[in-house]
Amino acid sequence: MRTIPPRRPWRGRGLALAAALALLLGVLAAPAAPPALASTVSPITNYGPDGEQTVRFDTGGNAVDAHDGAIQRFGDTYYLYGTSYDCGYQWTVNSTFCGFKVYSSPDLVHWTDRGHVVDARSCKFCFRPHTVYDKATRKYVMWVNDQEAADKFRVYTADRPTGPFTEQPVPDLPAGTHCTADLDVFVDDDGTGYLACSNAGWHIAVIQLTPDYLRAAGPYDVTGVTRVEAPSIFKRNGVYYLTMSDPNCGYCTGTGTSYLTATSPLGPWKGRDAWTAADGALTVHGGLYGLSQQGEDWSDYTFSFDVAPLPTASGKLAQAGFSVRMNQDDHGYLFLLTGSGTGNGKLSVLRRAGSTTASHVVQLDKPIAAGEWHHVSVTASGSTLTTSVDGTQVDTYTDATYPVGKVGFREWNGADLESAKFDNVRVTSASGQDLLADDFSGDLSKWVVPTAGTSITANSCGGQPAQVATLRQRHGAPPIYMYFSDLWNGHTNEALANYHWQPLAFGADGSITPVQCGNATVRLDPGHPGRQAAVPGLDQSSGTAGFRTGCDVAGGVRREQSFTAGRGGRLASLAVTAFKDGTEQGRVERTPPSEPLDIEVTDGTRTLWSGSVPAAEIGWSARNVTVHPGIPVRRGAHYTVRISSTATTGCYGVAYNDHDPYQGGASAVSRDGGATFTAEPARDLKFLTTVRGA
């Protein structure tokens, strides 16, 4: 079909006519300014029509493989930096680091793979590449997390956003920050750089950087939030926002996102009120630990109080937490009073050192119902802890790990938010001296009150937050604040993680509106529409939109996709999007297929071509697996590509779409080694063919 080129827009003719008219009138016309790049409207597609997560494919048709990273705009182009998982990288159990990658896009939709900015090497814990531009040095500076580095972080610089990046001396961070893990790099309007980093999922610090952004300048602030990670800083209307994963949970399929605000990157950072004193009682809504101001050297004492556990966010139970001999958050003895109101309650006693190192549970002889008050006391004497509920001793525990420390309360700050009321607190020494008394009729000055973030989503849309990207616009338009979370799949193959990208919305008071998980549309200025890379000789394709992944091809399970040749010639190439995986569950060393992936092309009755692709040539992310049959095909004839494997461990997976994106064929599956196939009429596998010559 002949294509008629579009006519020039009338806008250009109108401008020329106006200029000519001005000259005729004797008006001196100023030279015309060069036209600015037009803006573009981009769909941000996270989910398919049925709410299913969908895979983002790059302009070459391969899954975007850059996770736990960041999006940045440099010039008129958007860049995505992230950790690659295609080589089989796996948190905690795999030392095969695949490297850090970068992709570029003009519209946040069409992403071109620009390769590695840091090559693969042996590294057990390398994550979170975040890149900024330093106008003073004219360098792109990238910070990454590396648990094996001297100070847990590495810094790289480059002359271009796509690299090559060169490693700089390992930065020496202030000891008081205790930063070891997730990070973000933020550049303020005056060019000052800041590093936000977390303490292995415990707290978050913000550190001012030197003018070259390579080291700590000295000033820093440790926020009061606990059990959080994945910090990200942005600035809006003079207010600084710090978003975070709340609570921390590595590679979980749904942790919350909350935020703090401040008038300076170095704080003080403020969130919601986790502790409030009203009506003569303390009400605690999450926030985790709040400890007494005094008591670092208290040894033998009795901690008593009244408590009314309140329903958790799920409403399934009520739980109140309290602690003794604890000078550092989560290092001491923690007690949990729990009940559903229907059966008898329980008391859990835990020795904590950032995690539980010893515990036991005591079954009580009475229900613990939400909203009902109980009197509790814990006596610490030497290495013995004795607990009573409503005047009855229920537990004695002996442990010498923590001989001294403060008292406090603890309510979980996660998606299943815990709440409780406390009153009539008293701490009495072994000699009968009052060390602390509070009936909460006044302020909370006797306590180190925890800072709690304001929640914007309870599950981060099925993943864990990575960043809020500030995408500045031209012509005075407000920036787009793009929320970015990795949608981990809960399986050992982290290369299959999807993404949730969504612009944040704000209330009139500057508060972040709760994230509504779905698809979105953004207007980018600068921006222009991108497109997929041209495939020479392309004949048939099921496209790249709306696909998800599944893995079951091994042993007796085979899959096939039929297609109709659009023209005659030689079937020069055939690509099926596939990946390999292990079928084990949990954080274990996986066993992927060792046997090859077998591919056949048939005409429905006989095999026209067959070949094999070695397992070593197939990655863990969904990528084009291309073969070159070279067989003749006839226009309008129907053919089928079939994939199988004799693998007895692991599986090969495919990308599929259940909304019939390809009208010239459909998929089918066999679960008996190919003896019979069951049609899947609305489903198509992701594939493409090229035909050349006659």
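Note that the structure is a prediction, hence the values are computed from the model and not measured.

**Here's the deal with the state of the cysteines**
Phase 1: Counted by the stated rule, this structure contains six disulfides.
Phase 2: Residue Cys123 pairs covalently with Cys126 via a disulfide, S to S 1.8 Å. Handedness of the Cys123-Cys126 disulfide follows from its S-S torsion of about 90°: it is right-handed.
Phase 3: Under the relative-accessibility criterion, Cys123 is labelled buried at 0%.
Phase 4: Relative accessible area serves as the criterion here: at 0%, Cys126 is assigned to the buried category.
Phase 5: The disulfide that involves Cys461 links it to Cys517, with 2.0 Å between the sulfurs. Taking the sign of the S-S torsion, about -85° here, the bridge from Cys461 to Cys517 comes out left-handed. With Cys461 in the loop between β34 (454-457) and β35 (464-471) and Cys517 in the loop between β37 (498-503) and β38 (520-524), this pair connects stretches of sequence that are 56 residues apart.
Phase 6: By relative accessible area, which is 7% here, Cys461 ends up buried.

**Details of the sheet that holds strand β15 (residues 216-222)**
Phase 1: One open sheet holds the four strands; their spatial order is β12-β13-β14-β15, and the pairing between them is antiparallel. Across the chains shown, the open sheet's two edge strands, defined by having one partner strand only, are β12 (183-187) and β15. Taking the axes of each pair of neighbouring strands and ignoring which way they run, one obtains an average angle of 20° across the sheet.
Phase 2: In this structure, β12 lies alongside strand β13 (residues 193-198), joined through five bridges in antiparallel fashion. Residue pairing across strands places Asp184 opposite Ala196, the latter belonging to β13.

**Side note on empty space enclosed by the protein**
Picture a little ball the size of a water molecule; that probe, rolled over the atoms, points out where space is still empty.
Phase 1: Counted according to the given criterion, the structure contains three cavities of 30 Å³ or more.
Phase 2: Of the pockets and cavities examined, the largest cavity occupies roughly 70 Å³.
Phase 3: Val55, Ala63, Ala495, Ala497 and Asn498 are the residues nearest the centre of the largest cavity, which is lined by 13 residues in total.
Phase 4: Residues belonging to the lining of the largest cavity are distributed by class as follows: eight nonpolar, four polar and one charged.
Phase 5: Within this model, the second largest cavity holds a volume of roughly 40 Å³.
Phase 6: Every residue along the wall of the second largest cavity is listed here: Arg559, Glu560, Gln561, Val576, Val641, Ile643, Leu685, Lys686 and Phe687.
Phase 7: A total of three residues in the lining of the second largest cavity trace back to one element, the largest contributor, which is strand β41 (residues 558-564).

**So, the sheet that holds strand β2 (residues 67-74)**
Phase 1: The strand order β2-β3-β5-β6 describes an open sheet built from four strands, whose pairing is antiparallel. Across the chains shown, the open sheet's two edge strands, defined by having one partner strand only, are β2 and β6 (112-118). With strand direction ignored, the average angle separating the axes of adjacent strands in the sheet is 25°.
Phase 2: In this sheet, strand β3 (residues 77-83) lies alongside β2 in antiparallel orientation, the contact comprising six bridges.

**Re the environment of Tyr639**
Phase 1: Position of Tyr639 among the secondary structure elements: in strand β47 (residues 638-644).
Phase 2: The class of Tyr639 is buried, set by a relative accessible area of 6%.
Phase 3: Separated by 36 residues in the primary sequence, Tyr639 and Asp603 place their C-alpha atoms 4.6 Å from one another.
Phase 4: With near-sequence residues (within four places) excluded, Tyr639 lies in contact with Gln561, Ser562, Phe563, Ala565, Thr602, Asp603, Leu608, Pro632, Val633 and Arg634.
Phase 5: Within polar-contact distance, the side chain of Tyr639 engages the backbone nitrogen of Arg634 at 2.9 Å.

**Re the layout of surface pockets**
Phase 1: Taken as a whole, the largest pocket holds about 740 Å³ of empty space.
Phase 2: Looking at the largest pocket, it is lined by 28 residues, and the ones nearest its centre are Gln72, Arg73, Tyr133, Val187 and Arg472.
Phase 3: Residues that form the lining of the largest pocket fall into these classes: 13 nonpolar, seven polar and eight charged.

**As for the pairing of strand β9 (residues 139-146)**
Phase 1: Counting buried residues along β9, seven of its eight residues qualify, which places the element largely inside the surrounding structure.
Phase 2: Note: strand β8 (residues 126-134) against β9, seven bridges, orientation antiparallel. Within β9, the position partnered with His130 by the bridge is Trp143.
Phase 3: Counting the residues between successive antiparallel strands, the hairpin from β8 to β9 contains four residues, one of them, Arg138, with a positive phi of roughly 60°.
Phase 4: The sheet contact formed by β9 and strand β10 (residues 153-158) spans six bridges and is antiparallel. Bridge pairing in β10 places Val141 opposite Thr157.

**A look at the pattern of salt bridges**
Phase 1: Using the criterion set out here, one finds 27 salt bridges in the structure.
Phase 2: Where Arg472 meets Asp189, a salt bridge forms, and the shortest distance between an N and an O atom there is 3.7 Å. Here Arg472, found in the loop between β35 and β36 (480-487), pairs with Asp189, found in the loop between β12 and β13; they are 283 residues apart in sequence, far enough to count as distant.
Phase 3: Across the pair Arg352 and Asp330 runs a salt bridge, and its minimum N-O distance is 2.7 Å. Here the residue Arg352 occupies a position in strand β25 (residues 344-353), and Asp330 occupies one in the loop between β23 (318-328) and β24 (331-339), the gap between them amounting to 22 residues.
Phase 4: The buried category is assigned to Arg352, whose relative accessible area is 13%.

**What about the side chain of His110?**
Phase 1: Summarising the element assignment, His110 is placed in the loop between β5 (100-105) and β6.
Phase 2: Among the polar contacts made by the side chain of His110, one reaches the main-chain carbonyl oxygen of Gly530 at a distance of 3.5 Å.
Phase 3: Contact partners of His110, with chain neighbours within four places excluded, come to Thr59, Ser104, Ser105, Gly530, Arg531 and Gln532.

**Notes on the packing of aromatic side chains**
Phase 1: Under the definition given, this model contains 43 aromatic pairs.
Phase 2: Relative to Trp501, the ring of Trp111 has its centre 5.7 Å away and its plane inclined at 70°; by these criteria the two rings are edge-to-face. On the criterion of sequence distance, the pair formed by Trp111 in the loop between β5 and β6 and Trp501 in strand β37 is long-range, its members being 390 residues apart. Each of the two residues, Trp111 as well as Trp501, counts as buried.
Phase 3: Ring centres 5.4 Å apart and planes at 0° place the aromatic pair Phe322 and Phe335 in the stacked group.

**Comments concerning unusual backbone geometry**
Phase 1: In the segment running from Asp246 into Pro247, the intervening peptide bond is cis, with an omega of 10°.
Phase 2: Here Pro247 lies in the loop between β17 (239-245) and β18 (257-262).
Phase 3: The phi angle at Arg138 is positive, at roughly 60°, despite the residue not being glycine.
Phase 4: Relative to the helices and strands, Arg138 resides in the loop between β8 and β9.
Phase 5: Positive phi outside glycine occurs at Ser460, with the angle close to 50°.
Phase 6: Within the secondary structure, Ser460 sits in the loop between β34 and β35.
Phase 7: The exposure class of Ser460 is buried, given its relative accessible area of 0%.

How each quantity is defined
Residues numbered from 1 in each chain as written. Predicted model: local features only at pLDDT ≥ 70, side-chain atom pairs only at ≥ 80, totals over all residues. Heavy atoms only, no water. Disulfide = S-S within 2.5 Å. Buried < 20%, exposed > 50% of the residue type's maximum accessible area, 1.4 Å probe, protein only. Helix = DSSP H or I, 4+ residues; strand = E, 2+ residues; numbered from the N terminus. Pairing = 2+ DSSP bridges. Axes fitted to C-alpha atoms, helices over the stretch in contact; angles between N-to-C directions. 1 Å grid on protein atoms, 1.4 Å probe; cavity = no way out; pocket = protein on both sides within 12 Å on 5 of 7 lines; lining within 4 Å. Points joined across faces, edges and corners; volume = space filled by probe spheres on them. Nonpolar A, V, L, I, M, F, W, Y, C, P; charged D, E, K, R; others polar. Contact = heavy atoms within 4.5 Å. Polar contact = N/O pair within 3.5 Å; in protein donor to acceptor, adjacent residues only side chain to side chain. Salt bridge = Lys/Arg side-chain N within 4 Å of Asp/Glu carboxyl O. Phe/Tyr/Trp six-rings, centres within 6.5 Å; stacked < 30°, edge-to-face > 60°.

Everything listed here is a matter of coordinates, which is why it stays silent on function.
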